[in-house]
Amino acid sequence: MSDTICAIATARGVGAISIIRVSGPEAIATVAKIFDGKDLTKVKSHTIHYGHIISQNEIIDEVLVSIMKAPKTYTTEDVVEINTHGGIAPTKKVLEILLENGLRLAEPGEFTKRAFLNGRLDLTEAEAVEELINSETDLERKLALNTINGKISKKIKKVRDIIIDLIANIEVNIDFPEYEDALQITLDNLPPKLTEIKKELESLLEESKVGTLISQGIKVAIVGKPNVGKSSLLNTLLKENKAIVTDIAGTTRDIVEGEIELKGIRLKFIDTAGIRNTTDVVEKIGVDKSLTMIDEADLVIHVLNNNEEYTEEDAQINAKLQNKVHITYVNKNDLPAKLKIENSHVIYGNTLTLEGIEPLKNKIIELFDLDKINTSNIEVISSIRVINLIKEALNSINNALNNIAQNIPVDMLAIDIKHAWDLLGEITGETYQDELLDTLFSKFCLGK
Amino acid sequence: MYDLIVVGGGHAGCEAAHIGAVLGLKTALVTANIKNIADMPCNPSIGGTAKGIIVREIDALGGLMGIVADKSHFQIKMLNNGKGPAVRSLRAQADKITYPKNMLAALKNTSNLEIIESMVEDLIVDNSQVKGIILSDGTKISSKAVILTTGTYLKGNILIGSQNTPGGPHGEARSNYLSDNLKKYGLSIQRLKTGTPPRIKASSIDFSVMQEELGDDTYHTFSFDTEPLYEINKQQKCYLLYTNEQTHQIIRDNLSKSAMYGGYVTGVGPRYCPSIEDKIVRFADKKRHQLFLEPESIYYDEWYLQGFSTSMPIDIQEKMVHSLPGLENAEITKYAYAIEYDAIDPLQMKPSLENKVIANLFTAGQINGTSGYEEAAAQGLIAGINAHHKIKNIEPLILKRNEAYIGVLIDDLVTKGTAEPYRMLTSRAEFRLILRHDNADLRLRKIGYENGTIDDIRYQKLLLKENQINELKNILRNTNLSLNPKTEEIFKKYAIAIPKSSISLYLLLKRPEITIDFLKEIIPLDYEPSILEEVEIEIKYEGYIAKSYKEAEKMLKLEEKLIPEDLNYQDVINLASEARQKLEKIRPKSIGQAARISGVNPSDIAILSVYLKRKYNK
């Protein structure tokens, strides 16, 4: 724990400015050695200095260096951040020089791990940092920042407080059975109290759906028979929206053809074959492939050709769409209509004239309530770990509710209630568990 | 020369001296006044929530409290009977004359045990190891181990209003120098406070305006080895009464005269047992507070006014008592008082109750910061066993949190310390469904046998009980309900729906409306009530019990991650400074124990785990 670590801390991409973060006892001294400018070992904490990084008398880059001394830093250790200006190559060179000077390259998530271990962040906050690194839209960034500020922790604490009040009441009944002033919790008056807790937990889960949308985006599959215009639709959508160029390898969990942003939410067009953006790959995807893509998608756009009759294959795809959010897009509306279908979510368009593209996007906004998300206060839960813990806590409360019908005495039910309380405590790290840390920190990606 | 000297003859001292002698140690119990052996200076009861289970555990491990209480009470009841098996607990109104008498007789009947009447003022300490004691007249008595069970007598101060009198309960002489001498040897001493309510002459009480509180109409015993020695309908009554606005006004008007509120007390009092002035101040909106009148003994005419503990001056106490319905003409025989006393910081003890600073010195009871006869007795028992084990070079007996309330009690003391007199509560036990009243013998008798405190006869009895429990469970598992006119008649008689298919009696018993007594009507089950009860609980609540065992296993995994006793916490970089200080002082045995220390956060535990892994698991 005592060594000094460094890594490139800014997100991937080709932005002009990159930041190299250094943390640990040797941070300031090491950077001072390679810095041409003020003597960094003598400057005040939380100050920024202009200068150059030099190596063997050669200027590597023009930089701004921030000096932040322990303990009021991200990791609570001495931290130096070097803002480089020359793009990827000089940034990498600066990092190499630091490593040559005895620093160690940070492991994935190690800065955050140190921040957590040094008591600077609680677990939800540490997870949020991971999401901040990966965040690509403004909305995601806001969501991530809100979590860092502990808003999720506050919401969880609120539910925990309700639960602990109930537990305390039960405990008073048990430990001071002759004490009349406390309400006697019985199998009759317990259900409404548990239902209140249940509702709180359910509303947290409901919010988490929005959180998942923001952090994970919407996976979209464009399916249909060959040559109905799937790839032209995709290209039109991507072109229209100045598609975000994604550095696919290693950053995204799904293999995607491309992404667009709609009301701040990412639409990720998936290609389960994993074939990259060659011109007409999408077109070649047949019906079998379409069927497997449907399983993976949050939204399916079923493309039909206005000029062809509805076939057995179309019906096959359509049958699979019944439990999915889907839109039917009828292409080539300029050609004579041979297609006869009835479906509530049909949009007629033409990828050549761009007709139908706006209605298609509006339909997506409508189906996912995207307008609402954008305006509402963004304090939602998006981590899978957090969502699972809330679900488990909810199960535990439901278990208690079910067992009331079985006449199980209150002192047993208290076990379920206490369990829910402990699970929620795990979210903010108030209940300690070994495995938790191991899984949590293995999730972080290199760089922060 | 003795093997073991026990200083103090209270509930901790009695158990410690007895068990030491049972284990074969040449033992001396030194008390300032032999008449005060097993004295009950406060409430006239043994047991209560959680405490009743502790008494059962003491009995299961070969201690005396349960056996003596069974011989010495005039009312007994099962608390929380309606709430569920995990929190049931016995409480007896013990007779303040017969309980000490029976305890003294039991001690006198113990071979290897000698009782010495004298005041102890110092220890013989050589090279950080205790070698004996020094009496107030300068006599030295040497021993291999010493157990201090000094109760509230270390620099005891009795407070009534602004009046402050040095002394122990009943105005007995206090120990003036022992705590200073302990300080001299490097122990840190804290000041604690407790209190007791006034006693009222029975013939001056008008009971007719109060509500009767009766004992149970079924027989109970604390001990697993005794038969009930009382008659149900000869149990004494207790009474319930309430304070009123007049009482509250008197208290409010005179608050500044109370020792507590007048600023005459430095010790910290218990939150769970507040004085009546505390209750009035902190719960100002309450119109009335419950009080109980309990007889102290059938041999004298004095009643204990539970819930009315106070440190008001005498004249105000008179007014307060006379404002209560039925006590308008009451004669107060003993005024309420608060008592302050010295205690050691329990963080200075190992989980064996041996002192960390002075080897072979053990402490038990109120000196360790606890409150209550039962908590004291439990520690006395463990200190006695572990003093023996220390002398004989045997691993100490350390009960785990999932094995006994006694384990929870000691672990809490040595891990968290205490700023107020510590009382056991069921909510302190995270696995209380496992730590039940009914299964204390099943949990602990074997441990007692292995540690030499349970003899062969009692151990064989345990094995027989275990066999019968398994046998009965198998019968229920292997017997299917046969539906015929006779059995259907029984269902009808109890107004229980007849099952549609024939299921095993085991599964039938899991249904909420079915009891083991009901099953007894279906097939003959010729077993002791304790066996039937045990099987019923284990089957009915199998799911929850299994859940508790699973949770306990999780805890045990952390307990198995041991921390070397000589770990230098200065080497563990990045620990928060508060955590480092606590860890250095407490020296937890395991990661599990470390995680329970207040002020040691999850991040500190993670750092410590990583450090241990790197250093020792390579």
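All values derive from a computational prediction rather than experimental measurement.

Draft legend 1. Looking closely at the overall build of chain B. Within chain B, the regular secondary structure consists of 20 helices and 20 strands. The C-alpha radius of gyration of chain B comes to 26 Å, within 12% of the 25 Å expected for a compact globule of 618 residues. Along the first, second and third principal axes, the C-alpha atoms of chain B reach 80 × 75 × 50 Å. Burial status across chain B gives 60% buried among its 618 residues. Long-range contacts, defined as pairs at least 24 residues apart, comprise 73% of the intrachain contacts of chain B with a sequence gap of at least 6. Accessible surface for chain B amounts to roughly 24,500 Å². Of this, 50% is attributable to carbon and sulfur atoms. Positive and negative charge centroids in chain B, built from 77 and 77 side chains respectively, lie 5 Å apart.

Draft legend 2. Region of the structure containing the pairing of strand β10 (residues 265–270) of chain A. Residues and elements named next belong to chain A. Among the six residues of β10, six are classified as buried, and the element is accordingly described as predominantly covered. Here β10 shows two buried faces, one formed by Ile265, Leu267 and Phe269 and the other by Arg266, Lys268 and Ile270. Relative to β10, strand β8 (residues 218–223) runs parallel, the two sharing three bridges. Its bridge partner being in β10, Ile218 is matched across the sheet by Leu267.

Draft legend 3. Fine view of the side chain of Asn102(B). Topologically, Asn102(B) is positioned in helix α4 (residues 98–108). Look past the residues within four positions of Asn102(B) in its chain and what remains in contact with it is Val68(B), Lys71(B) and Ser72(B).

Draft legend 4. View of the interface of chain B and chain A. Counting residues at the interface gives 43 residues for chain B and 38 residues for chain A. Each partner contributes to the roughly 3,400 Å² buried at the junction of chain B and chain A, and carbon and sulfur atoms together form 54% of this total. The tally of links between chain B and chain A comes to three salt bridges. One salt bridge in this structure joins Glu178(A) and Arg91(B), with 2.8 Å as the shortest N-O distance.

Draft legend 5. Looking closely at the sheet that holds strand β5 (residues 89–94) of chain B. All names here are of chain B. The strand order across the open sheet formed by three strands is β3-β5-β4, and the pairing between neighbours is antiparallel. Unpaired on one side and paired on the other, β3 (45–47) and β4 (73–79) mark the two borders of the sheet. Averaged over all neighbouring strand pairs, the angle between strand axes comes to 20°, with direction disregarded. Relative to β5, β4 runs antiparallel, the two being bridged by six bridges. Each residue of the ladder has a partner; that of Met78, found in β5, is Leu90.

Draft legend 6. Highlighting a nonpolar patch on the surface. A surface patch of nonpolar side chains, about 310 Å² in accessible area, is lined by Ile48(A), Tyr50(A) and Leu64(A). Tracing the sequence through the fold places Leu64(A) in strand β5 (residues 58–68).

Draft legend 7. Structural view of the pattern of salt bridges. Throughout the structure, instances matching the rule amount to 49 salt bridges over all chains. Shared partners join several salt bridges into a network, and the residues in it are Arg401(B), Asp411(B), Asp412(B), Lys416(B), Glu430(B), Glu559(B) and Arg596(B).

Draft legend 8. Focus on the sheet that holds strand β10 (residues 157–160) of chain B. Residue and element names in this part refer to chain B. Pairing is antiparallel in the open sheet, where four strands are placed in the order β11-β10-β19-β12. Edge positions in the sheet fall to β11 (163–166) and β12 (189–196), since each has one partner strand and no second. Each adjacent strand pair in this sheet contributes to an overall mean axis angle of 25°, direction not counted. Sheet topology note: the β12/strand β19 (residues 337–344) ladder contains eight bridges and is antiparallel. Among the inter-strand pairings, Leu192 is bridged to a residue of β19, identified as Tyr341.

Draft legend 9. Unusual backbone geometry, seen in detail. Of note, the amide linkage connecting Ala70(A) to Pro71(A) takes the cis form, showing an omega dihedral of 5°. A positive phi angle, near 65°, is found at Asn407(A), a position not held by glycine. Positive phi outside glycine occurs at Asn360(B), with the angle close to 65°. Its location among the elements puts Asn360(B) in the loop between β19 and β20 (361–363). Taking relative accessible area as the criterion, Asn360(B) reaches 8% and is therefore assigned buried.

Draft legend 10. Up close: the environment of Leu508(B). All names here are of chain B. Positionally, Leu508 belongs in helix α14 (residues 505–509). In sequence terms Leu508 and Ile522 are 14 residues apart; their C-alpha atoms lie 11 Å from each other. Residue contacts for Leu508: discarding those within four places in its chain leaves Leu481, Phe491, Pro499, Ile503, Ile514 and Leu519.

Draft legend 11. A look at the confidence of the model for chain B. Of the residues in chain B, 98% have a pLDDT of 70 or more, and the chain-wide mean is 92. Overall fold confidence for the complex sits at a pTM of 0.78, while the interface term, ipTM, reaches 0.84.

Draft legend 12. Broad picture of the nonpolar core. Residues Ile46(B), Ile133(B) and Ile406(B) are the most contacted members of the largest nonpolar core, which totals 93 residues. Per-element accounting of this core gives the leading share, nine residues, to helix α9 (residues 373–391) of chain B. Sequence-distant contacts of Ile46(B), that is, excluding residues within four places in its chain, are made with Met40(B), Val55(B), Met65(B), Ala69(B), Leu90(B), Arg91(B), Ala92(B), Ala94(B), Tyr99(B), Phe222(B), Tyr373(B) and Glu374(B). Counting 43 residues, the second largest nonpolar core, distinct from the first, contains Val159(A), Leu166(A), Leu205(A) and Leu424(A).

Draft legend 13. Here's a closer look at the packing of aromatic side chains. Enumeration according to the criterion identifies seven aromatic pairs over all chains in this entry. Through pairs of rings, three or more aromatic residues link up here, namely Phe207(B), Tyr239(B) and Trp303(B). Residue placement shows Arg21(A) over the ring face of Phe111(A); its charged tip is 5.5 Å from the ring centre. Positioned over the ring face of Trp421(A) is Arg160(A), at 4.1 Å from the centre of the ring.

Draft legend 14. Region of the structure containing the packing of helix α2 (residues 51–60) of chain B against α9(B). Residues and elements named next belong to chain B. Between α2 and α9, the least distance of the axes is 9 Å, while the angle of their chain directions is 25°. Classified by the interaxial angle, the pair formed by α2 and α9 is roughly parallel. In this structure, α2 meets α9 at a crossing whose hand is left-handed. Residues Lys51, Ile54, Val55 and Ile58 of α2 pack against Glu374, Glu375, Ala377, Ala378 and Leu381 of α9. Its residues placed into classes, the contact of α2 with α9 shows six nonpolar, no polar and three charged.

Draft legend 15. The domain arrangement of chain B, seen in detail. For chain B, the assigned domains read domain 1 (1–454), domain 2 (466–545) and domain 3 (561–616). Using only C-alpha atoms to locate each centre, domain 2 of chain B and domain 3 of chain B end up separated by 50 Å.

Draft legend 16. Local environment of the packing of helix α15 (residues 410–428) of chain A against helix α17 (residues 542–560) of chain B. Look at α15(A) against α17(B): their axes get within 10 Å of each other, and the N-to-C directions meet at 40°. Judged by the inter-axis angle, α15(A) sits oblique to α17(B). Crossing geometry of α15(A) relative to α17(B) is assigned as left-handed. Facing α15(A), whose interface residues are Met412(A), Leu413(A), Ile415(A), Asp416(A) and His419(A), α17(B) presents Tyr544(B), Lys547(B), Ser548(B) and Glu551(B). Among the residues making up the contact of α15(A) with α17(B), the classes are represented as four nonpolar, two polar and three charged.

Draft legend 17. View of the environment of Val55(B). Residue and element names in this part refer to chain B. For Val55, the location among the structural elements is in helix α2. Sequence separation of Val55 and Thr487 is 432 residues, and the distance between their C-alpha atoms is 41 Å. Other than its neighbours up to four places away in sequence, Val55 contacts Ile46, Gly47, Met65, Gly66, Phe222 and Glu374.

Draft legend 18. Summary view of the confidence of the model for chain A. Residue and element names in this part refer to chain A. Averaged over all residues, the pLDDT of chain A is 76; the fraction at 70 or higher stands at 73%. Every residue in residues 241–254 scores below 50 in pLDDT, and together they form 22 contacts with partners more than four places removed in sequence or on other chains. Confidence drops under pLDDT 50 across residues 272–280; counting only partners more than four residues distant or on other chains, this segment forms 14 contacts.

Draft legend 19. Broad picture of helix α10 (residues 405–416) of chain B. Residues and elements named next belong to chain B. Between its first and last C-alpha, α10 extends 16 Å over 12 residues, near the 16 Å set by a 1.5 Å rise per residue. In terms of burial, α10 is largely enclosed, as 11 of its 12 residues are buried. Taken together, the buried positions of α10 are occupied by Tyr405, Ile406, Gly407, Val408, Leu409, Ile410, Asp411, Asp412, Leu413, Val414 and Thr415. One or two steps after α10, the chain reaches Gly417, where phi turns positive at roughly 70°.

Draft legend 20. Structural context of helix α1 (residues 27–34) of chain A. Across the eight residues of α1(A), six count as buried, placing the element largely inside the fold. What α1(A) keeps buried is the set Ala27(A), Ile28(A), Thr30(A), Val31(A), Ala32(A) and Ile34(A).

Here is what the cut-offs are and how they apply
Numbering of residues starts from 1 in each chain and follows the order in which that chain's sequence is written. Each chain takes a letter, starting from A, and each ligand takes a number, starting from 1, following the order in which they are written. Selection of residues for local features in this predicted model requires a pLDDT of at least 70, selection of side-chain atom pairs for listing and counting requires 80 or more, and totals for whole chains, interfaces and linings are taken over all residues. For the side-chain quantities, the full set of heavy atoms in the structure was used; hydrogens and water were omitted. Each helix is a run of DSSP H or I of at least 4 residues and each strand a run of E of at least 2, with the numbering of both proceeding from the N terminus. Note on method: radius of gyration uses C-alpha positions; expected globular size equals 2.2 Å times residues raised to 0.38. Residue burial is assigned from relative accessible area. The probe radius is 1.4 Å, only protein chains are included, and a residue is buried under 20% of its type maximum, exposed over 50%, and partly exposed in between. In what follows, a contact means two residues having at least one pair of non-hydrogen atoms within 4.5 Å. Values of accessible area rely on a 1.4 Å probe in the Shrake-Rupley scheme; residue burial ignores everything except the protein chains shown. Under this rule, positive means Lys or Arg and negative means Asp or Glu; His and the chain ends count for nothing. Throughout, a charge is located at the NZ atom of Lys, the CZ atom of Arg, the CG atom of Asp or the CD atom of Glu. By definition, two strands form a pair when at least two bridges between them are found by DSSP. By definition, the buried area sums, over both parts, the 1.4 Å-probe accessible area that each loses when the two are put together. The term salt bridge refers to a side-chain nitrogen of Lys or Arg lying within 4 Å of a carboxyl oxygen of Asp or Glu. Lines are fitted to the C-alpha atoms to define the axes, a helix being fitted only along its stretch in contact, and any angle between axes, read from their N-to-C directions, falls within 0 to 180 degrees. What goes into a patch is any residue over 30% in relative accessible area without a salt bridge, connected to like charges within 9 Å or, for nonpolar side chains (Val, Leu, Ile, Met, Phe, Trp, Tyr), within 5 Å. Scored from 0 to 100, pLDDT reflects the predictor's confidence in each residue. The definition of a nonpolar core used throughout is a set of buried Ala, Val, Leu, Ile, Met, Phe, Trp, Tyr and Cys residues joined through side-chain atoms within 4.5 Å. Only rings of Phe, Tyr and Trp enter the pairing, Trp through its six-membered ring, and a pair is recorded when the two centres are within 6.5 Å. The plane angle decides the type: under 30 degrees is stacked, over 60 is edge-to-face, the rest tilted. We count a charge as sitting over a ring when the NZ of a lysine or the CZ of an arginine lies within 6 Å of the ring centre and within 35 degrees of the ring normal. Orientation categories follow fixed angle ranges, with anything under 35 degrees roughly parallel, anything over 145 roughly antiparallel, 65 to 115 roughly perpendicular, and all other angles oblique. Two helices crossing with the near one rotated counterclockwise from the far one by less than a right angle form a left-handed crossing, whereas a clockwise rotation gives a right-handed crossing. Amino acids are sorted into nonpolar (Ala, Val, Leu, Ile, Met, Phe, Trp, Tyr, Cys and Pro), charged (Asp, Glu, Lys and Arg) and polar (every other residue, Gly among them). Domain ranges listed in this record stem from an automatic or a database domain assignment. Helix span, expected: 1.5 Å multiplied by one less than the number of residues in the helix.

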